[in-house]
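Spelled out, the chains give:
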Amino acid sequence: RNRFSFEIFGNTEETQQLIRTLRRRLENLPTVTPLDQYSRKELLAYWINLYNVTILDELVRVYPKRDLKGLLIGKNSILSKKTLDVAGVPLSLNDIQFSILKKNYENNPLVIYGLYQGIIGGPNIRKSAYSGSNIFGELTDNAVEFINSNRGTQGKNERVFRVSSLYERND
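1. Remarks on the overall build of the protein chain
Here is step 1: Within the protein chain, the secondary structure is distributed over seven helices and four strands.
Here is step 2: Reading the secondary structure of the protein chain in the N-to-C direction produces α-α-α-α-β-β-α-α-β-β-α.
Here is step 3: Going through the 171 residues of the protein chain one by one, you find that 45% of them count as buried.
Here is step 4: For the protein chain, the share of sequence-separated contacts (at least 6 apart) that also reach a separation of at least 24 residues comes to 61%.
Here is step 5: Looking at the protein chain as shown, the accessible area adds up to about 9600 Å², and 52% of this sits on carbon and sulfur atoms.

The following block contains the structure:
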């Protein structure tokens, strides 16, 4: 597990270009192999990987800005902008999360643990991409790690238990 080192990617055009190239390749994948050729698990991995590389690209563009919550909330957030074009369909990150993943995966609670948002109150990004063969095991690992971390849940005292705003943002 790791957190993303924005310092490395935010400092040079060359390193930023690596993320943009990966994003474009994932975005264009359906023009090479139509999405209906993939299994449900492979599609889940594809959409989460595309979401994560897109959010990384968007966040690297605003680096060194540190307060990211304002970028993630509201109708003008980077999650709401139609920044992607997948098989001729303009998509936002919210479209991927709520229109594609939530609907096609029966609102599976594990899915949110794969969606990186670059803020402390969210799951870590994994060191490697998801694949169809590892997707549910990796999502489960992310869920367990997040829930058991201070970022996910924290007992304030005997009567108060704090949970991350991730759950409210992803309702």
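Having put the structure on the table, let's press on.
2. Things to note about helix α2 (residues 13–32)
Here is step 1: Helix length check: α2, at 20 residues, gives a terminal C-alpha distance of 28 Å against a target of 28 Å (1.5 Å per residue), a fit within 8%.
Here is step 2: The sharpest bend along α2 comes to roughly 30 degrees, located at L26, with the proline P30 sitting one to four residues further on.
Here is step 3: Listing the buried residues of α2 in full gives T15, Q16, I19, R20, R23, L26, E27 and P30.

3. Comments concerning the pattern of salt bridges
Here is step 1: All chains considered together, the criterion is met by six salt bridges.
Here is step 2: Between K82 and D95 there is a salt bridge, with its nearest N and O atoms 2.6 Å apart. Taken as a pair, K82 in the loop between α4 (69–72) and β1 (84–86) and D95 in helix α5 (residues 93–104) lie far apart in primary sequence, 13 residues in all.
Here is step 3: Relative accessible area serves as the criterion here: at 53%, K82 is assigned to the exposed category.
Here is step 4: Look at the salt bridges and you will find they share partners, linking R20, R23, D57 and E58 into a network.

4. Thoughts on helix α3 (residues 40–62)
Here is step 1: Between its terminal C-alpha atoms α3 stretches 34 Å, which fits the 33 Å expected from 23 residues at 1.5 Å a residue.
Here is step 2: In terms of burial, α3 is a largely internal element, 18 of the 23 residues being buried.

5. A short note on the packing of aromatic side chains
Two aromatic rings, taken as a pair, are described by how far apart their centres are and by the angle between their planes.
Here is step 1: Within this structure, the stated rule accounts for two aromatic pairs.
Here is step 2: With a centroid separation of 5.0 Å and 70 degrees between ring planes, the pair formed by Y46 and W47 is classed as edge-to-face. W47 carries the same exposure label as Y46, and that label is buried.

6. Topic: the side chain of N142
Here is step 1: Mapped onto the secondary structure, N142 falls in helix α6 (residues 135–147).
Here is step 2: At 3.3 Å, the side chain of N142 and the side chain of Y130 are in polar contact.

7. Digging into the packing of α3 against α6
Here is step 1: Direction vectors running N to C along α3 and α6 enclose 50 degrees, while the axes themselves pass 10 Å from each other. Classified by the angle between their axes, α3 and α6 sit oblique to one another. Judged by residue contacts, K41, L44, A45 and I48 of α3 engage I135, F136 and L139 from α6.
Here is step 2: Partitioned by chemical class, the residues of the contact of α3 with α6 number six nonpolar, no polar and one charged.

8. Quick look at the nonpolar core
Note that soluble globular proteins tend to have their nonpolar side chains buried in a common cluster.
Here is step 1: With 35 residues, the main nonpolar core has L44, W47, I48, L50, I55, I96 and L101 as its most contacted residues.
Here is step 2: Those elements that place two or more of their residues in this core are α2, α3, α4, β1, α5 and α6.
Here is step 3: Those residues in contact with L44 that sit more than four places away from it in its chain are L101, Y105, V111, I135, F136 and L139.
Here is step 4: Ranked by size, the runner-up nonpolar core spans five residues in total, among them I112, Y113, A143 and L166.

9. Quick look at the environment of T31
Here is step 1: Relative to the helices and strands, T31 is located in helix α2.
Here is step 2: On a C-alpha basis, the gap between T31 and A87 in space is 6.2 Å, while along the polypeptide they are 56 residues apart.
Here is step 3: Of note is the side chain of T31, whose polar atom sits 2.5 Å from the backbone oxygen of N28.

Rules and cut-offs
- Numbers given for residues are sequential positions, taken from 1 along each chain in its written order.
- Confidence filtering applies because this is a predicted model: local features only for residues at pLDDT of at least 70, side-chain atom pairs given and counted only at 80 or more, and all residues used for totals across whole chains, interfaces and linings.
- No hydrogens and no water enter the side-chain calculation; it runs on all heavy atoms of the structure.
- Starting at the N terminus, helices and strands are each numbered in turn, a helix being any DSSP run of H or I of at least four residues and a strand any DSSP run of E of at least two.
- Here's how the labels work: a residue is buried when its accessible area is under 20% of the maximum for its type, exposed when over 50%, partly exposed in between, all with a 1.4 Å probe on protein chains only.
- Should any heavy atoms of two residues lie within 4.5 Å, those residues are counted as being in contact.
- Note on areas: Shrake-Rupley, 1.4 Å probe, and residue coverage restricted to the protein chains presented here.
- Every helix has an expected span of 1.5 Å times one less than the residues it contains.
- A residue's bend is simply the angle between two axes: one fitted to the seven residues ending at it, one to the seven starting at it.
- We define a salt bridge as a side-chain nitrogen of Lys or Arg found within 4 Å of a carboxyl oxygen belonging to Asp or Glu.
- Aromatic pairing here means that ring centres of Phe, Tyr or Trp (its six-membered ring) are within 6.5 Å. Orientation follows from the plane angle: under 30 degrees is stacked, over 60 is edge-to-face, and everything else is tilted.
- Polar contacts here mean pairs of N or O atoms no more than 3.5 Å apart (in protein, one a potential hydrogen donor and the other a potential acceptor; neighbouring residues in sequence count only if both atoms are side-chain atoms).
- Comment: axis = line fitted to C-alpha atoms, over the contacting stretch for helices; angle = value between 0 and 180 degrees taken between N-to-C directions.
- Any angle from 65 to 115 degrees is called roughly perpendicular, while one under 35 is roughly parallel, one over 145 is roughly antiparallel, and all others are oblique.
- All residues other than Ala, Val, Leu, Ile, Met, Phe, Trp, Tyr, Cys, Pro, Asp, Glu, Lys and Arg, Gly among them, are scored as polar; the first ten of these are nonpolar and the last four charged.
- Nonpolar cores were defined as sets of buried Ala, Val, Leu, Ile, Met, Phe, Trp, Tyr and Cys residues, with membership established by side-chain atoms within 4.5 Å.

Keep in mind that these numbers describe shape and distance, not what the molecule does.
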